[in-house]
Amino acid sequence: LAKTTQPISMDSYEGQEVNITCSHNNIATNDYITWYQQFPSQGPRFIIQGYKTKVTNEVASLFIPADRKSSTLSLPRVSLSDTAVYYCLVVLYGGATNKLIFGTGTLLAVQP
Amino acid sequence: EAGVAQSPRYKIIEKRQSVAFWCNPISGHATLYWYQQILGQGPKLLIQFQNNGVVDDSQLPKDRFSAERLKGVDSTLKIQPAKLEDSAVYLCASSGRVAANEQFFGPGTRLTVL
């Protein structure tokens, strides 16, 4: 069963680029990697998803190396409102059964 | 578009009591998930429904937890009897596809067991 690990916390300043890495050894060949953002007292919110190489949307980029044993969420020019917990999510496809495994989360603190 | 609705938002019970949580997913979403999130941890999947059928309930403590999704729309998660370690936020999410791509989460129900 694939497991994920993330740094517990990270600090940054407004306007900086932040990179959060998730390690997921033993990921199955057909796993997607998804990232979510969670604010206190709210449910997680989808940020981005990818399978390999690089994916970019309007809020973030996701980098996945060829061996797919890790992934890096990149947030460009963070602001105070980006202070939140960020989770990676590994999806295992096993026929009709999906195994969803969230990481322990990374608390990003953005300071002025 | 309305989001995922959950109720109640907060619940306090004593151990050995019973409790039920309700979830209304986004209209048209066939896949529904229940997660348990203990303070300081990532969400843990308890059960996944596809319409009204169970796709995965391998992490659901079936001796005390039960869930149903009648008619493939709303869902109820029940705990009977509750233990102290069940104190957590219970999150409901829905997705428009079987593949767990973009999930939409509700605000959660915070359960405290005394």
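Quick summary incoming for the structure in this document. (Residues numbered from 1 in each chain as written. Chains lettered and ligands numbered in written order. Predicted model: local features only at pLDDT ≥ 70, side-chain atom pairs only at ≥ 80, totals over all residues. Heavy atoms only, no water.)

## Here we look at the overall build of chain B
Within chain B one finds zero helices and 11 strands. Written out in order from the N terminus, the α and β elements of chain B read β-β-β-β-β-β-β-β-β-β-β. Rg of the C-alpha trace for chain B: 13 Å, near the compact-globule value of 13 Å for 114 residues, within the 12% margin. Residue pairs in contact within chain B that sit at least 24 positions apart in sequence constitute 54% of those at least 6 positions apart. Split by element, the accessible area of chain B, about 5500 Å² in all, is 50% carbon and sulfur. For chain B, the centre of its 13 positive side-chain charges and the centre of its 10 negative side-chain charges are spaced 4 Å apart. (Helix = DSSP H or I, 4+ residues; strand = E, 2+ residues; numbered from the N terminus. Rg over C-alpha atoms; globule rule 2.2 N^0.38 Å. Contact = heavy atoms within 4.5 Å. Areas by Shrake-Rupley, 256 points an atom, 1.4 Å probe, with all protein chains shown as cover. Lys, Arg positive; Asp, Glu negative; His and termini not counted. Charge placed at Lys NZ, Arg CZ, Asp CG, Glu CD.)

## Considering the packing of aromatic side chains
A ring pair, where both rings are aromatic, is described by two values, the distance of the centres and the angle of the planes. Scanning the model with the defined rule gives 11 aromatic pairs over all chains in all. For the ring pair Tyr36 of chain A and Phe102 of chain A, a centre distance of 5.7 Å and an interplane angle of 55 degrees mean the geometry is tilted. Here Tyr36 of chain A, found in strand 3 (residues 32–38), pairs with Phe102 of chain A, found in strand 9 (residues 97–102); they are 66 residues apart in sequence, far enough to count as distant. The interplanar angle of 85 degrees and the centroid separation of 5.7 Å between the aromatic rings of Tyr36 of chain A and Phe105 of chain B together place this pair among those described as edge-to-face. Here Phe105 of chain B lies in strand 10 (residues 104–105) and Tyr36 of chain A lies in strand 3, a pairing that spans two chains. Side by side, Tyr36 of chain A and Phe105 of chain B carry an identical accessibility label, which is buried. (Phe/Tyr/Trp six-rings, centres within 6.5 Å; stacked < 30°, edge-to-face > 60°. Buried < 20%, exposed > 50% of the residue type's maximum accessible area, 1.4 Å probe, protein only.)

## Section: the sheet that holds strand 5 (residues 53–56) of chain A
Residues and elements named next belong to chain A. Here we have four strands laid out as an open sheet, ordered 2-7-6-5, and antiparallel in their pairing. If you trace the sheet from one side to the other, it starts and ends with strand 2 (18–23) and strand 5, each paired once. Neighbour-to-neighbour, the strand axes of this sheet turn through a mean angle of 15 degrees, independent of strand direction. In terms of strand pairing, strand 2 meets strand 7 (residues 70–75) through six bridges, oriented antiparallel. Opposite Asn19, over in strand 7, you have Ser74 as the bridge partner. (Pairing = 2+ DSSP bridges. Axes fitted to C-alpha atoms, helices over the stretch in contact; angles between N-to-C directions.)

## Description of the interface of chain A and chain B
Across the boundary between the two partners, chain A contributes 21 residues, which contact 23 residues of chain B. Taken together, the two surfaces of chain A and chain B that pack against each other cover about 1600 Å², and 48% of this comes from carbon and sulfur. Here chain A is connected to chain B by zero salt bridges. Those elements that place two or more of their residues in the side of chain A that touches chain B are strand 3, strand 4 (45–50), strand 8 (84–94) and strand 9 of chain A. Ranked by residues supplied to the side of chain A that touches chain B, first place goes to strand 9 of chain A with five residues. Looking at the side of chain A that touches chain B, its residues break down into 10 nonpolar, 10 polar and one charged. (Buried area = accessible area lost by both parts, 1.4 Å probe. Salt bridge = Lys/Arg side-chain N within 4 Å of Asp/Glu carboxyl O. Nonpolar A, V, L, I, M, F, W, Y, C, P; charged D, E, K, R; others polar.)

## Overview of the environment of Phe21 of chain B
Residue and element names in this part refer to chain B. Relative to the helices and strands, Phe21 is located in strand 3 (residues 19–24). In this structure Phe21 comes out as buried when scored by relative accessible area, which is 1%. Taking C-alpha positions, Phe21 is 14 Å from Pro81, a pair spaced 60 residues apart along the chain. Setting aside residues no more than four positions away along its own chain, Phe21 makes contact with Ser7, Pro8, Trp34, Ser75, Thr76, Leu77, Ile79, Tyr90, Thr109 and Leu111.

## So, the pairing of strand 5 of chain A
All names here are of chain A. Where strand 5 and strand 6 (residues 61–64) come together, four bridges link them in antiparallel fashion. By the bridge assignment, Thr53 is partnered in strand 6 with Ile64. The turn joining strand 5 and strand 6, which pair antiparallel and follow one another in sequence, is formed by four residues.

## Focus: the side chain of His24 of chain A
Residues and elements named next belong to chain A. You can see His24 is positioned in the loop between strand 2 and strand 3. One polar contact links the side chain of His24 to the main-chain carbonyl oxygen of Arg68, over a distance of 3.1 Å. Residues within four places of His24 in sequence aside, it is in contact with Lys3, Thr4, Ile33, Arg68, Lys69, Ser70, Ser71 and Val90. (Polar contact = N/O pair within 3.5 Å; in protein donor to acceptor, adjacent residues only side chain to side chain.)

## Section: the sheet that holds strand 1 (residues 5–7) of chain B
All names here are of chain B. Spatially, the four strands line up as an open sheet ordered 1-3-8-7, and their pairing is antiparallel. Every interior strand has two partners, whereas the edge strands, strand 1 and strand 7 (65–68), have only one. Taken over all neighbouring pairs, the strand axes of this sheet differ in orientation by 15 degrees on average, direction set aside. Relative to strand 3, strand 1 runs antiparallel, the two being bridged by three bridges. Along strand 3, the bridge assignment pairs Gln6 with Cys23.

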